[in-house]
Amino acid sequence: MTTAKHIPIGSITCGNDLPLTVIAGPCQLESLDHALMIAEVMAKACTDAGASFVFKASYDKANRTSLSGRRGLGIDEGLEILAAVRERFGCPVLTDIHDADQAVRAAQVVDVIQIPAFLCRQTDLLLTAGRTGAVVNIKKGQFLAPWDMPNVADKVASTGNSNILLTERGASFGYNTLVADMRSLPIMARTGYPVIMDATHSVQQPGGQGGSSGGQREFAPVMARAAVALGVAGVFIETHEAPDTAPSDGPNMIPLDRMPALIASLMAFDRLAKADPLPA
């Protein structure tokens, strides 16, 4: 049986055999007040349910479907906001980077650097992220099999940094469609690294609205429950108080007012799964 690695993330610890970690926040940063509002709701919901909490948000959405898509506040203002959230609530914070030049700057502020799925095989990006010493969350590319991910993780680990998370976010299944293969979760868990289920991006419909991505947010809680019942380390969920007016990924984000009940139910599944783990 593979020994589960325990990864320190700021004030919390994440592992496949530890209580659930919830990585949650808006798709992209909109303002300081907005980020603090969402973080406050999520921090309380996770505390009440007994889950660990990592706040996530992007300062730049560099892979928008069309040129007209809103990309975000940029790295300067974005990192200032993430630092403020971390200071106010004491929670770890996560953001994604898109080129190697951003890695060191981001690591000075955030606890977790995220490698976007489209970029998960970019060797220089992975090596630079690893050398920062930050936790590196690697999203599995829509074009990769789960058994390909050890090679990806090895690139980061070669820098001496083994603080790695592996995230499932669905695989391409024809045009504008993703499918989540739940077998990928225990397969990636054989590495020992904590496995995260991205419940919201796995129901995304890439480019499904022509100039932007669509999504089926009603199925995001389904994905989250299914994954947590298998005993994963964490779930990644994007949330917004008004998803239909959010600047990006609104169709697959869960409304903020539904998150406390969802997290409470996920923790019930998590307790059951962790008390009776599946064999590796």
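Above this text is the structure in question.
This report concerns the structure included in the present document. (Residues numbered from 1 in each chain as written. Predicted model: local features only at pLDDT ≥ 70, side-chain atom pairs only at ≥ 80, totals over all residues. Heavy atoms only, no water.)

## Points about the overall build of the protein chain
For step 1, the next point in the chain: Of regular secondary structure, the protein chain possesses eight helices and 15 strands.
For step 2, the next point in the chain: For a compact globule of 280 residues, the expected C-alpha radius of gyration is about 19 Å, and the protein chain comes in at 17 Å, within 12% of that figure.
For step 3, the next point in the chain: For the protein chain, the spread of C-alpha atoms along the principal axes amounts to about 50 × 45 × 40 Å.
For step 4, the next point in the chain: Per-residue burial for the protein chain yields a buried fraction of 54% across its 280 residues.
For step 5, the next point in the chain: When contacts within the protein chain are restricted to residue pairs at least 6 apart in sequence, those whose partners lie at least 24 apart make up 69%.
For step 6, the next point in the chain: Working note: accessible area of the protein chain is about 11,700 Å², and carbon and sulfur atoms make up 52% of it.
For step 7, the next point in the chain: For the protein chain, the separation between the mean place of its 23 positive charges and that of its 28 negative charges on side chains is 4 Å. (Helix = DSSP H or I, 4+ residues; strand = E, 2+ residues; numbered from the N terminus. Rg over C-alpha atoms; globule rule 2.2 N^0.38 Å. Buried < 20%, exposed > 50% of the residue type's maximum accessible area, 1.4 Å probe, protein only. Contact = heavy atoms within 4.5 Å. Areas by Shrake-Rupley, 256 points an atom, 1.4 Å probe, with all protein chains shown as cover. Lys, Arg positive; Asp, Glu negative; His and termini not counted. Charge placed at Lys NZ, Arg CZ, Asp CG, Glu CD.)

## Describing the environment of Ile7
For step 1, the next point in the chain: Its location among the elements puts Ile7 in strand β1 (residues 7-9).
For step 2, the next point in the chain: With relative accessibility at 2%, the residue Ile7 sits in the buried group.
For step 3, the next point in the chain: Sequence spacing of Ile7 and Ala100 is 93 residues, and the spatial spacing of their C-alpha atoms is 23 Å.
For step 4, the next point in the chain: Excluding residues that lie within four positions of it along the chain, Ile7 makes contacts with Ile12, Thr13, Cys14, Val135, Ser162, Asn163, Ile164, Leu165 and Pro194.

## So, the pairing of strand β7 (residues 135-139)
For step 1, the next point in the chain: Across the five residues that make up β7, a large majority, five, are buried.
For step 2, the next point in the chain: For the handedness criterion, the β-α-β arrangement of strand β6 (residues 112-115), helix α4 (residues 123-131) and β7 is classed as right-handed.
For step 3, the next point in the chain: Handedness of the β7-helix α5 (residues 149-157)-strand β8 (residues 164-168) crossover: right-handed. (Right-handed = clockwise from strand over helix to strand, strands pointing away.)

## Here's the deal with the pairing of strand β14 (residues 234-240)
For step 1, the next point in the chain: Among the seven residues that make up β14, seven are buried, leaving the element largely enclosed by the rest of the structure.
For step 2, the next point in the chain: Direction of pairing for strand β3 (residues 21-25) relative to β14: parallel, over a ladder of five bridges. If you follow Gly25 over to β14, its bridge partner there is Glu238.
For step 3, the next point in the chain: Sheet analysis places strand β11 (residues 195-198) next to β14, joined by three bridges and oriented parallel. Bridge pairing in β14 links Met197 to Val235.
For step 4, the next point in the chain: Taken together, the two bridges between β14 and strand β15 (residues 254-255) define a ladder with parallel strand orientation. Residue pairing across strands places Thr239 opposite Ile254, the latter belonging to β15. (Pairing = 2+ DSSP bridges.)

## Comments concerning helix α7 (residues 220-230)
For step 1, the next point in the chain: The set of residues buried in α7 consists of Ala220, Met223, Ala224, Ala227 and Val228. Seen end-on, α7 carries its buried residues on one side only, within an arc spanning 120°.
For step 2, the next point in the chain: Elements in contact with the buried residues of α7: α6 (184-189), β11, β14, β15 and α8 (259-275).
For step 3, the next point in the chain: Positive phi appears at Gly231, one or two residues downstream of α7, with a value of about 95°. (Arc of directions from axis to C-beta.)

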